[in-house]
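Close look at the chain arrangement
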Amino acid sequence: MTNPKSKIRQARFASEAHPSDTLLCTTEEKTASDGQNLPPNPKSVAILGAGAWGTALANLAAANGHRVGLWSRRGSQPLETILEDADIILSAISMKGVADVVEQIKYAPISPETIFVTATKGLDPQTTCTPSQVWQTAFPDHAVVVLSGPNLSQEIELKLPAATVVASDVTAAAELVQLVFSSHRFRVYTNPDRLGVELGGTLKNVIAIASGVCDGLHLGTNAKAALVTRGLTEMVRIGNIWGAKTGTFYGLSGLGDLLATCNSPLSRNYQVGYQLASGQTLTEILANLSGTAEGVNTCQVLVQIAQQKNIVIPITEQVYRLLQGEVTPRQALDELMLRDMKPEYND
Ligand SMILES: NC(=O)C1=CN([C@@H]2O[C@H](COP(=O)(O)OP(=O)(O)OC[C@H]3O[C@@H](n4cnc5c(N)ncnc54)[C@H](O)[C@@H]3O)[C@@H](O)[C@H]2O)C=CC1
Ligand SMILES: O=C(CO)COP(=O)(O)O
């Protein structure tokens, strides 16, 4: 039998989001501290993007005894070295960098068995594609899995319990990723609706901005409940046109992520909204924000799609106008409250 310790290697996790937080971790130490056994068949996991989420996911896989390499564009390790022999390549790159990184590794020698996992919650502004569509287009013969759920990385780094979803049309691939990341503090579900899971995590960012505005204006709990519920209706409407299943939006990656990010100051998207309501400009807010608020870009892409396809998304539209400086938070609120009267469900 192979000595599991021979599988252990040291990995330097240089967090870009928290540069002072560089840590040298061995999978052995992490596994021991978590009280888990090393897996019988440790996998080699290459994580691309050493921001807040990439680092948290790297730590989760390493704590389960897997061999983890964490790549950052600012690090010294070449991309090809990290990709060598990877069973799983997981991208936690923010949307603006996904196409770039895909281009860099498109012709790298990657085993046909390698599974791609994307944890990015955004939309490509040029093509309006989701990140998993970008990866699948570049790697048509590989399984592509989406990982998405209510997963504020700071809570996960504090080892607080959380749950997520891994979604793919290749069930075996989703199940392998489930195994690699599951632990007593991170419960991972599978789902065959890859698009629905991905859109849940992506579309909720716009509603999280609106929720930050709602709290920043101190509009109360009733207003927040109305906003989040009608926001979910918008998400389902967009998702259905795209081909996602309605039920998926009521799961962890849709409603679950809405509940997390619309109620937590840890959410960068929520922070953007809150600070807009406090009178700061978007430029000022983004200049001081730690990390990425994907909802800003997603909102622009959604408005473009909604115009092309005639989709009614009033909350998203008001968030867009607010981000553009066309309305004040109070004007956006009035526009939403004074819309034509209508039945709750008409689609
Ligand atoms: N932080 C969180 O709590 C969670 C974040 N996400 C999603 O994960 C993605 C990343 O988020 P964070 O890690 O928080 O953001 P971050 O801003 O901390 O990190 C973004 C990472 O992308 C890399 N990157 C950006 N452009 C690049 C390029 N052109 N080439 C190579 N690398 C590039 C950055 O260097 C950095 O490593 C986002 O789509 C976000 O919505 C999803 C779940 C939780
Ligand atoms: O998606 C997230 C948690 O599930 C992270 O939210 P923010 O990107 O708004 O911080």
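The protein chain is annotated in an unreviewed UniProt entry as Glycerol-3-phosphate dehydrogenase [NAD(P)+] from Cylindrospermum stagnale PCC 7417. For the record of the protein chain, the UniProt heading Subcellular location (unreviewed entry) holds the text "Cytoplasm". Looking at the protein chain in UniProt, the text filed under Pathway (unreviewed entry) is "Membrane lipid metabolism; glycerophospholipid metabolism."

Structural notes on the pattern of salt bridges
The tally for this structure, following the rule as stated, stands at six salt bridges. Residue Asp257 pairs with Lys121 through a salt bridge whose shortest N-O separation is 2.7 Å. With Asp257 in helix H11 (residues 252-261) and Lys121 in the loop between strand E6 (115-118) and helix H5 (131-138), this pair connects stretches of sequence that are 136 residues apart. There is no split in this pair, since Asp257 and Lys121 are both buried. For Asp257, the salt bridge is made with Lys204, and the minimal N-O distance between the two is 3.7 Å. Of this pair, Asp257 sits in helix H11 while Lys204 sits in helix H8 (residues 194-216), and the two are 53 residues apart along the sequence. Side by side, Asp257 and Lys204 carry an identical accessibility label, which is buried. The network of salt bridges with shared partners includes Lys121, Lys204 and Asp257.

Describing the packing of aromatic side chains
Applying the stated rule across the entire model yields four aromatic pairs. Centroid distance Phe116 to Phe139: 4.3 Å. Interplanar angle 25°. Geometry classified as stacked. Within this pair, whereas Phe116 is found in strand E6, its partner Phe139 is found in the loop between H5 and strand E7 (144-148), the two being separated by 23 residues in sequence. Each member of the pair, Phe116 as well as Phe139, carries the same accessibility label: buried. Note on Phe139: relative accessible area 5%, which makes it buried. In textbook terms, an aromatic cluster arises when at least three aromatic residues are bridged by ring pairs, as seen for Phe116, Trp135 and Phe139.

Remarks on the UniProt feature "active site" (unreviewed entry) in the protein chain
Those residues carrying the UniProt feature "active site" (unreviewed entry) are Lys204 in this numbering. If near-sequence neighbours (up to four positions away) are discounted, Lys204 is found in contact with Lys121, Leu199, Met235, Asp257, Leu258 and Thr261.

Focus on the environment of Ala138
Along the chain, Ala138 turns up in helix H5. Overall, the relative accessible area of 17% leaves Ala138 in the buried class. Along the backbone, Ala138 and Tyr107 are 31 residues apart, and their C-alpha atoms lie at a distance of 9.5 Å. Apart from residues lying up to four places away in sequence, Ala138 is in contact with Val102 and Lys106.

Section: the confidence of the model for the protein chain
A low pLDDT means the predicted coordinates there should not be read in detail. On average, residues of the protein chain score 90 in pLDDT, and 89% of them are at 70 or above. Residue range residues 1-35 is modelled with pLDDT below 50. Its contacts to residues more than four positions away, or to other chains, number 64 contacts. The complex prediction reports pTM at 0.92, with the ipTM value standing at 0.99.

Each value, and the rule that gives it
Residues numbered from 1 in each chain as written. Chains lettered and ligands numbered in written order. Predicted model: local features only at pLDDT ≥ 70, side-chain atom pairs only at ≥ 80, totals over all residues. Heavy atoms only, no water. UniProt positions renumbered as here; feature names shortened; annotations may be inferred. Salt bridge = Lys/Arg side-chain N within 4 Å of Asp/Glu carboxyl O. Helix = DSSP H or I, 4+ residues; strand = E, 2+ residues; numbered from the N terminus. Buried < 20%, exposed > 50% of the residue type's maximum accessible area, 1.4 Å probe, protein only. Phe/Tyr/Trp six-rings, centres within 6.5 Å; stacked < 30°, edge-to-face > 60°. Contact = heavy atoms within 4.5 Å. pLDDT = per-residue confidence, 0-100.

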